[in-house]
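Letter by letter, the chains look like this.
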Amino acid sequence: MSDIQWCNDKRVMPVTKLKRPIKTDTQWTHKKQGMICEILEIWINTQGQAVIDLAAIDDGEIVSHSLSEFINEYRFKG
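Report follows, based on the coordinates.

Analysis parameters
Residues numbered from 1 in each chain as written. Predicted model: local features only at pLDDT ≥ 70, side-chain atom pairs only at ≥ 80, totals over all residues. Heavy atoms only, no water. Pairing = 2+ DSSP bridges. Helix = DSSP H or I, 4+ residues; strand = E, 2+ residues; numbered from the N terminus. Axes fitted to C-alpha atoms, helices over the stretch in contact; angles between N-to-C directions. Phe/Tyr/Trp six-rings, centres within 6.5 Å; stacked < 30°, edge-to-face > 60°. Buried < 20%, exposed > 50% of the residue type's maximum accessible area, 1.4 Å probe, protein only. Core = buried A, V, L, I, M, F, W, Y, C linked by side-chain atoms within 4.5 Å. Contact = heavy atoms within 4.5 Å.

Here five strands make up an open sheet; going across it, the order is 6-5-4-3-7 and the pairing antiparallel. Looking at which strands have only one partner, the edges of the open sheet turn out to be strand 6 (62-66) and strand 7 (74-76). Geometrically, the sheet is characterised by an average inter-axis angle of 40° between neighbouring strands, direction not taken into account. Where strand 3 (residues 27-30) meets strand 4 (residues 36-44), three bridges bridge the pair, whose relative direction is antiparallel. Bridging across to strand 4, W28 finds its partner in C37.

In this section: the environment of K19. Here K19 is to be found in the loop between strand 2 (10-12) and strand 3. When the C-alpha atoms of K19 and F76 are compared, they prove to be 9.9 Å apart, with 57 residues separating the residues in sequence.

To describe a pair of aromatic rings, you give the distance between the ring centres and the angle between the ring planes. Throughout the structure, instances matching the rule amount to three aromatic pairs. Each ring, one from W28 and one from F76, has its centre 5.3 Å from the other, and the planes form 80°; the classification is edge-to-face. Of this pair, W28 sits in strand 3 while F76 sits in strand 7, and the two are 48 residues apart along the sequence. Accessibility expressed as a relative area gives 31% for F76, which makes it partly exposed.

Let us look at the nonpolar core. Grouped together as the largest cluster of nonpolar side chains are nine residues: I22, W28, C37, I39, I52, L54, A56, F70 and Y74. It is strand 5 (residues 50-56) that contributes the most residues to this core, three residues altogether. If we ignore the near neighbours within four places in the chain, the residues touching L54 are C37, E38, I39, L40, E61, I62, V63, H65, F70 and Y74.

Note that T29 resides in strand 3. Accessibility expressed as a relative area gives 15% for T29, which makes it buried. Those residues in contact with T29 that lie beyond four places of it in its chain are G34, M35, I36, E73, Y74, R75 and K77.

Now the structure itself:
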């Protein structure tokens, strides 16, 4: 069964309870690669989904992830 639910004929993701806020200018570590990244922007795409843009500290490469991908792949560097 999928986590996606329907509301007024639109797909909606369930509310995700976070342990800490996700905000710009904070550093996060990729769980598998150990790469440290900094959040540059958090924005909403045309489908209403949250998108997080991160820059790798080592090489400056910018990547974008959906909120669910971000939660599954990164941990707060604290």
